[in-house]
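Summary of the model geometry
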Amino acid sequence: MSPAAVLRPVVWVWWRVYPFVVILALWWFLADRGLLGNRFVMPPPGDVLDRARELFDDGSLVDETLVTLRSVFIAYGLAMVVGILLGTLIGRVRAVRLALRPIVSFLFPTPKVALYPAMTIIFGLGASSKIVFGFSEAVFPILLGTAAGTSQIEPRLLWSASSLGTSERQSLLRVVIPAALPSILTGARIAMVGAIIGVFLGEMIAGSSGLGHMMAVAYRTLETPDMYVAIVTVSLIGYLLDRTFLLARRSLLAWSAEEAP
Amino acid sequence: MSTTRGEPRQFIARARHLAPQVLLPALSVTMLLGLWEIAPRLGWVRDTSIPPFSEVIAEVVDVLGRPGFGTNVASSAQRWGLGLAIATAIGIPLGTLMGRWRPLYKLVDPLLVVTYPVPKTALILLFVLWWEAGTVSRVGIVITGCLIPIVISSYHGAHAIEERLVWSARGLGIGPIRRGVRVILPAALPQILSGLRLAIAISIFTVLGSELLIRGDGIGAFMFTALDNGQTLTVFAMSTIVATIGFLLDLIYVQAVRRSLPWLEGDI
């Protein structure tokens with residue numbers, strides 16, 4: 001093997017771990033020099049890792065993570081169903097598009113956090129309000145991605161499908177949705193992070209469990225390492241879900257020219 | 001639609017085509033607001049959880065007239081404007097350089113990919129520990145919140161421009177800095193402007209979210225204090241006002257871009 005062939009996997013691995021190395025080195029440097037404050041305000045990564053291990057061993061980290069993940073997946077699943085259904089209707093049916101346009105174009109650019117207090121009153125302080133927050137952040141990117149994708153389908157694709165005897169209902173699933181998939185998945189990727197942010201913030205504002213609640217409580221009780229454990233955990237979850245999403249996207253769109261992210 | 005001959009027929013056909021465009025949106029909005037009005041009145045939902053639309057609108061007028069409202073909006077707007085301006089001043093040059101110089105892209109992009117899913121608004125709790133609850137934390141969180149979309153869109157814009165443009169500029173003996181300002185930046189502008197539109201929405205979210213997590217002044221704190229005090233009507237009025245402000249800022253931005261750069265094609 002040539003030296004270049006030996007080096008290639010090493011280089012590949014390096015670029016995967018490189019951002020983590022940079023962030024940890026910077027974190028360690030800031031904590032070591034006390035540039036952002038003392039050890040209490042800015043504990044070094046090692047202290048936070050020790051604390052994370054403690055919380056992992058007593059089971060609380062796993063429990064809080066599961067609570068957050070559950071809300072995120074429910075919110076994201078609902079947003080996918082509603083976003084793709086409504087988005088397809090908006091993209092394909094003129095009457096629906098006209099009827100929903102003013103409502104969607106008002107709600108889409110609106111910062112959803114403005115609606116959090118009203119939604120808290122409607123849905124209460126339990127898990128359902130967090131799911132609604134995550135849903136409200138996630139549904140619009142999917143809906144607009146789907147509407148954009150399904151409205152720009154090559155008419156020739158639909159003509160050929162119908163001339164080959166595909167019924168309109170069949171061609172929806174076999175032609176329209178697959179052709180719109182790149183655009184749907186672009187929205188769905190943004191929505192994934194949106195769902196996590198909505199749920200996490202919801203737990204911070206008014207929660208009784210979950211990683212967001214863990215962070216807010218740690219701030220109030222001045223257990224600073226716990227704050228770092230919570231935000232690092234939720235960020236890692238977001239990163240892993242985002243990476244998984246991109247992998248799934250690549251295999252789903254292997255046939256498409258728009259496979260490149 | 002079949003083509004018809006004769007003026008009246010054409011008129012009817014056009015009216016038939018246009019009528020849904022006016023009627024359907026009006027109908028759906030009226031139905032939604034009407035439902036909001038009658039559902040609490042008929043007891044379908046408790047009026048302590050959803051007050052009728054007309055009462056909310058009356059409260060909106062009342063809130064807009066309160067002396068505290070203006071000052072809170074002003075302090076939020078200040079943080080928002082300053083944060084967005086600084087993020088733009090950092091993000092556009094950084095992203096553009098990344099688009100033109102591969103090594104910088106290789107170094108910065110992995111960091112953006114890893115920090116992209118971090119819930120930035122939550123970092124306000126750490127910022128307050130590091131820098132206290134002052135301007136630095138308040139503006140810093142806005143910068144942190146909206147920097148990534150600005151950098152990424154500037155990168156895509158600068159990366160995708162026609163190489164020939166750059167070559168011709170170089171051939172004409174234009175130096176690298178003037179080339180950046182006169183050739184690369186204008187060519188990347190459409191992408192940068194759509195990134196800024198996203199950044200506006202995210203920065204408003206960050207301002208409000210950070211104000212609600214660390215109370216003090218500002219519109220987010222004002223809104224959530226009403227929630228804590230159980231003032232349902234005020235909460236709904238505030239949500240309506242703030243949602244409308246967010247919508248209007250987006251609308252104004254898009255219109256301003258369209259007016260000042262009429263040559264832009266496609267969506268912003």
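Because the structure is predicted, anything quoted here is derived from the model rather than measured.

1. Some details on the interface of chain A and chain B
- Every contact between the two is made by 51 residues of chain A and, on the other side, 52 residues of chain B.
- With both chains or domains summed, chain A and chain B bury close to 4700 Å², and 82% of this area falls on carbon and sulfur atoms.
- Where chain A packs against chain B, one counts zero salt bridges.
- Taken together, the connections running from chain A to chain B amount to four residue pairs in polar contact (both at pLDDT 80 or more).
- Considering each element in turn, the side of chain A that touches chain B owes the most residues, ten residues, to helix α10 (residues 224-252) of chain A.
- Counted by class, the side of chain A that touches chain B contains 40 nonpolar, six polar and five charged residues.

2. With respect to the environment of Arg-179 of chain B
Residue and element names in this part refer to chain B.
- If you trace the backbone, Arg-179 turns up in helix α8 (residues 176-213).
- A sequence separation of 13 residues divides Arg-179 from Val-166, and the C-alpha atoms of the two residues are 7.4 Å apart.
- Filtering out sequence-adjacent residues up to four positions away, Arg-179 remains in contact with Val-166, Ala-169, Arg-170, Ile-174 and Ile-184.

3. Thoughts on the side chain of Asn-72 of chain B
- Residue position: Asn-72 of chain B is located in helix α3 (residues 67-100).
- If we ignore the near neighbours within four places in the chain, the residues touching Asn-72 of chain B are Asp-217, Gly-218, Ile-219 and Phe-222 of chain B.

4. Considering the confidence of the model for chain B
- Model confidence for chain B is summarised by a mean pLDDT of 88, while 96% of its residues fall at 70 or above.
- For this predicted complex, the interface confidence score (ipTM) comes to 0.88, while the overall pTM stands at 0.89.

5. Thoughts on helix α4 (residues 94-107) of chain A
- Between its terminal C-alpha atoms α4 of chain A stretches 20 Å, which fits the 20 Å expected from 14 residues at 1.5 Å a residue.
- Among the residues of α4 of chain A, those classed as buried are Leu-98, Ala-99 and Val-104 of chain A.

6. Some details on the side chain of Glu-211 of chain B
Residues and elements named next belong to chain B.
- Here Glu-211 is to be found in helix α8.
- According to the relative accessible area criterion, Glu-211 is buried, its value standing at 0%.
- One polar contact links the side chain of Glu-211 to the main-chain amide nitrogen of Ile-219, over a distance of 3.2 Å.
- When neighbours within four sequence positions are excluded, Glu-211 is seen to be in contact with Ser-76, Arg-79, Arg-138, Asp-217, Gly-218, Ile-219, Gly-220 and Ala-221.

7. Some remarks on the pattern of salt bridges
All names here are of chain A.
- Applying the stated rule across the entire model yields 15 salt bridges over all chains.
- Close ionic contact of Asp-226 with Arg-51 constitutes a salt bridge, the shortest N to O distance being 2.6 Å. With Asp-226 in helix α10 and Arg-51 in helix α2 (residues 45-57), this pair connects stretches of sequence that are 175 residues apart.
- Its relative accessible area of 10% is what places Asp-226 among the buried residues.
- Three or more residues joined by partner-sharing salt bridges are found here, namely Arg-51, Glu-54 and Asp-226.

8. What to know about unusual backbone geometry
All names here are of chain A.
- Its identity is not glycine, yet Leu-222 carries a phi of approximately 60°, on the positive side.
- One can find Leu-222 in the loop between α9 (211-221) and α10.
- Relative accessible area serves as the criterion here: at 48%, Leu-222 is assigned to the partly exposed category.

9. Some words on the packing of aromatic side chains
- Counting across every chain of the model gives 14 aromatic pairs over all chains.
- On the numbers, 5.0 Å between centres and 50° between planes, the contact of Phe-106 of chain A with Phe-247 of chain B is tilted. Of this pair, Phe-106 of chain A sits in helix α4 while Phe-247 of chain B sits in helix α10 (residues 232-260), which puts the two residues in different chains.
- Ring geometry for Tyr-105 of chain B against Tyr-155 of chain B: centres 4.5 Å apart, planes inclined by 10°, an arrangement best described as stacked.

Cut-offs and rules
- Residues numbered from 1 in each chain as written.
- Chains lettered and ligands numbered in written order.
- Predicted model: local features only at pLDDT ≥ 70, side-chain atom pairs only at ≥ 80, totals over all residues.
- Heavy atoms only, no water.
- Contact = heavy atoms within 4.5 Å.
- Buried area = accessible area lost by both parts, 1.4 Å probe.
- Salt bridge = Lys/Arg side-chain N within 4 Å of Asp/Glu carboxyl O.
- Polar contact = N/O pair within 3.5 Å; in protein donor to acceptor, adjacent residues only side chain to side chain.
- Helix = DSSP H or I, 4+ residues; strand = E, 2+ residues; numbered from the N terminus.
- Nonpolar A, V, L, I, M, F, W, Y, C, P; charged D, E, K, R; others polar.
- pLDDT = per-residue confidence, 0-100.
- Expected span 1.5 Å × (residues − 1).
- Buried < 20%, exposed > 50% of the residue type's maximum accessible area, 1.4 Å probe, protein only.
- Phe/Tyr/Trp six-rings, centres within 6.5 Å; stacked < 30°, edge-to-face > 60°.

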